[in-house]
Amino acid sequence: MVDAPSDAGIRELDLRLADGRVVRARLAYTSQGPEDAPAYLLLHGYTGSHFALDPSGPAADAGWAAAWAGPGKALDTRRHRVITMNLPGSAYGSGWDGADRTHASVAAMADAACGLLDALGIARLGGVIGYSFGGYLALQLRAAWPSRVRRALALCSARQGRGSLDGLDALRRLDDPDKRYAFRVETLMRNGLTQWARDQGPQALARELGRVRQWAQEFTPDALWRLRAAAATFALPAWPSDTTALQAASDALFPPTADRPARAATVPTPYGHQGLLLDPAPWVEPIAAWIDGRDLSHPTHTGDTP
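Described below are features of the structure shown in this document. (Residues numbered from 1 in each chain as written. Predicted model: local features only at pLDDT ≥ 70, side-chain atom pairs only at ≥ 80, totals over all residues. Heavy atoms only, no water.)

### A few points about the overall build of the protein
Our working rule: The way it works is that DSSP assigns letters per residue, a run of H or I at least four long becomes a helix, a run of E at least two long becomes a strand, and they are numbered from the N terminus. Here the globule rule reads 2.2 Å times residues to the power 0.38, and the radius of gyration is calculated from C-alpha atoms. Relative accessibility thresholds used throughout: buried, under 20% of the residue-type maximum; exposed, over 50%; partly exposed, between the two (1.4 Å probe, protein chains only). We get accessible surface area from the Shrake-Rupley algorithm with a probe of 1.4 Å; when it comes to residues, only the shown protein chains can shield them. Residues scored as charged are limited to Lys and Arg (positive) and Asp and Glu (negative), so that His and the chain ends carry no count. The atoms used to mark charge sites are NZ of Lys, CZ of Arg, CG of Asp and CD of Glu.
Looking only at helices and strands, the protein features eight helices and 11 strands. Relative to a compact globule of 306 residues, whose C-alpha radius of gyration would be 19 Å, the protein shows 18 Å and is just as compact. Dimensions of the protein, computed from the C-alpha atoms along their principal axes, are close to 50 × 45 × 40 Å. Going through the 306 residues of the protein one by one, you find that 56% of them count as buried. With an accessible surface of roughly 12900 Å², the protein has 49% of that area assigned to carbon and sulfur atoms. If you average the places of the 32 positive and of the 32 negative side-chain charges in the protein, the two averages end up 3 Å apart.

Dropping the structure here:
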């Protein structure tokens, strides 16, 4: 198998922050797949990275989408061009100098994503896929830029953000890796990791906690509060057209509710909000169905397997 062309780097562009200031921002990205193929943008969650396809990438969660994105996978980088972007204000390369007490809104992030597409010569996306926080941005892109984004898939997400501005100071105080580790472990245990550890055993849990320890060294309190501020102020009045929601049956953060788009499906996983990351197998087929334009309720994908 011939490897798909790949690229990674930093692009600079103007970014308007929540307080109105315009800064020169750095936007980290990766690109894999033929440049003339239909393009998809893949967006990570609140504490995640844009190193979604390569498990050997330089982040604790590297390869988080590798079960379904890459050569021969559902999102096949031999047939699609897959762009990943680090969220502006996150800890893996997308940021700015100065303006230390403000953040980028989800709407500003969508504008930045379009700037990145311009720099990469991509006039229109075949689709955008976002997990958790990334789902906010996917929906915002479809709502604000329908001429540039044909459709959106929100994984474990919603059209209104979670969190409160009242908690930002507590996140700023997570100024030590041990504090960030404790914060993240407590969050994960409440959202799927406890059940997964019971099923997988202590050695598997130890490996996962090792990744959390690595994350605590990589992530920053600035990234935590800036992204939380963006989430807390995000809301769309309605689901954009041509969007699909794929949710985890046991997700306490984004539970399946009556407020869903016309196209929606639920994945039967016991691992809550972490199900996509800890046990991706049940997600592969419905994601493949969406990519292929099939009904998620009756998936029949028979394409290439890894």
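Let's pick the thread back up.
### What about the packing of aromatic side chains?
Worth spelling out the cut-off: Aromatic contacts are taken between Phe, Tyr and Trp rings whose centres are within 6.5 Å, Trp giving its six-membered ring; a plane angle under 30 degrees counts as stacked, one over 60 as edge-to-face, and the others as tilted.
Using the criterion set out here, one finds eight aromatic pairs in the structure. On the basis of an interplanar angle of 75° and a centroid distance of 6.1 Å, the ring pair of Tyr40 and Trp290 is categorised as edge-to-face. Remark: Trp290 occurs in helix α8 (residues 281–292) and Tyr40 occurs in strand β3 (residues 39–43); sequence separation between them is 250 residues. Take Tyr40 and Trp290: they sit in the same class, and that class is buried. Taking 5.1 Å as the distance between ring centres and 25° as the angle between the ring planes, the aromatic pair formed by Trp215 and Phe219 counts as stacked.

### Things to note about the layout of surface pockets
The test is simple: Detection works on a 1 Å grid of protein atoms alone, calling trapped sets that fit a 1.4 Å probe cavities and calling open sets with protein on both sides within 12 Å along at least five of seven lines pockets, with lining residues defined by an atom within 4 Å of a point. Grid points are joined across faces, edges and corners, and a volume is the space filled by probe spheres set on the points. Each residue receives one of three labels: charged for Asp, Glu, Lys and Arg, nonpolar for Ala, Val, Leu, Ile, Met, Phe, Trp, Tyr, Cys and Pro, and polar for the others, Gly being one of them.
By volume, the largest pocket amounts to about 1000 Å³. Among the secondary structure elements, those contributing two or more residues to the lining of the largest pocket are α2 (133–144), α4 (177–200), α5 (202–218), α6 (221–232) and α7 (275–278). Looking at the lining of the largest pocket element by element, the count peaks at eight residues for α4. Per-class residue counts for the lining of the largest pocket are 23 nonpolar, 12 polar and seven charged. Roughly 240 Å³ of volume is contained in the second largest pocket.

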